[in-house]
Amino acid sequence: AASILIIEDATTGNVMAINTVMKHYEGYIAKLATRKMYDEYGKRSLLRDKTLRDRLEAKLLKTILEFKIVR
């Protein structure tokens, strides 16, 4: 029930509620923004794509603010 109230508050623009939702998805967004890179020797490394992370966070914020709750 508490999560429903947070979502409702977030959709109305409540900054604290929006931050709570954004924090909830922080790890998932970080995982989606992680890319495998290989150097000239074939050694693999994982890099976080900051541009992609920023775009995913912006999309989530837009979705939160446009979300309509139907009762």
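A short tour of the structure in this document, coming up. Numbers given for residues are sequential positions, taken from 1 along each chain in its written order. This being a predicted model, a pLDDT of at least 70 is required before a residue's local features are given, and a value of 80 or more before pairs of side-chain atoms are given or counted; all residues contribute to the totals for chains, interfaces and linings. Computation of side-chain values covers all heavy atoms of the structure but excludes hydrogens and water.

Remarks on the nonpolar core
The tendency in soluble globular proteins is for nonpolar side chains to be buried side by side.
At step 1: Counting eight residues, the largest nonpolar core consists of Ala-10, Ala-17, Ile-18, Val-21, Met-22, Ile-29, Leu-60 and Ile-64.
At step 2: Elements that contribute at least two residues to this core include exactly α2 (15-24) and α4 (50-66).
At step 3: In terms of residue count, the dominant contributor to this core is α2 (four residues).
At step 4: A contact between two residues is defined here by any heavy atoms of the two lying within 4.5 Å. For Ile-18, the contacting residues outside a window of four places in its chain are Ala-10, Gly-13, Leu-61, Ile-64 and Leu-65. By nonpolar core is meant a set of buried Ala, Val, Leu, Ile, Met, Phe, Trp, Tyr and Cys residues that side-chain atoms within 4.5 Å join together. Think of it in three bands: with a 1.4 Å probe and only protein chains considered, a residue is buried below 20% of the maximum accessible area for its type, exposed above 50%, and partly exposed in between. Elements are defined by DSSP. Helices are runs of H or I of four residues or more, strands are runs of E of two residues or more, and each kind is numbered from the N terminus.

Quick word on the packing of helix α1 (residues 2-11) against α2
At step 1: Orientation is described by lines fitted to C-alpha atoms, with helices fitted over the stretch in contact, and by angles between N-to-C directions that extend from 0 to 180 degrees. Where α1 meets α2, the closest approach of the two axes is 7 Å, and the angle between their N-to-C directions is 120°. Regarding α1 and α2, the two cross each other, and that crossing is left-handed. Residues Ile-6, Asp-9 and Ala-10 of α1 lie in contact with α2, whose contacting residues are Ala-17, Ile-18, Thr-20 and Val-21.
At step 2: The class makeup of the residues in the contact of α1 with α2 is five nonpolar, one polar and one charged. Rotating anticlockwise by less than a right angle from the far helix to the near helix defines a left-handed crossing, while the corresponding clockwise rotation defines a right-handed one. Residues are sorted three ways: Asp, Glu, Lys and Arg are charged, Ala, Val, Leu, Ile, Met, Phe, Trp, Tyr, Cys and Pro are nonpolar, and all the rest, Gly among them, are polar.

Worth remembering: the numbers are spatial, not functional.
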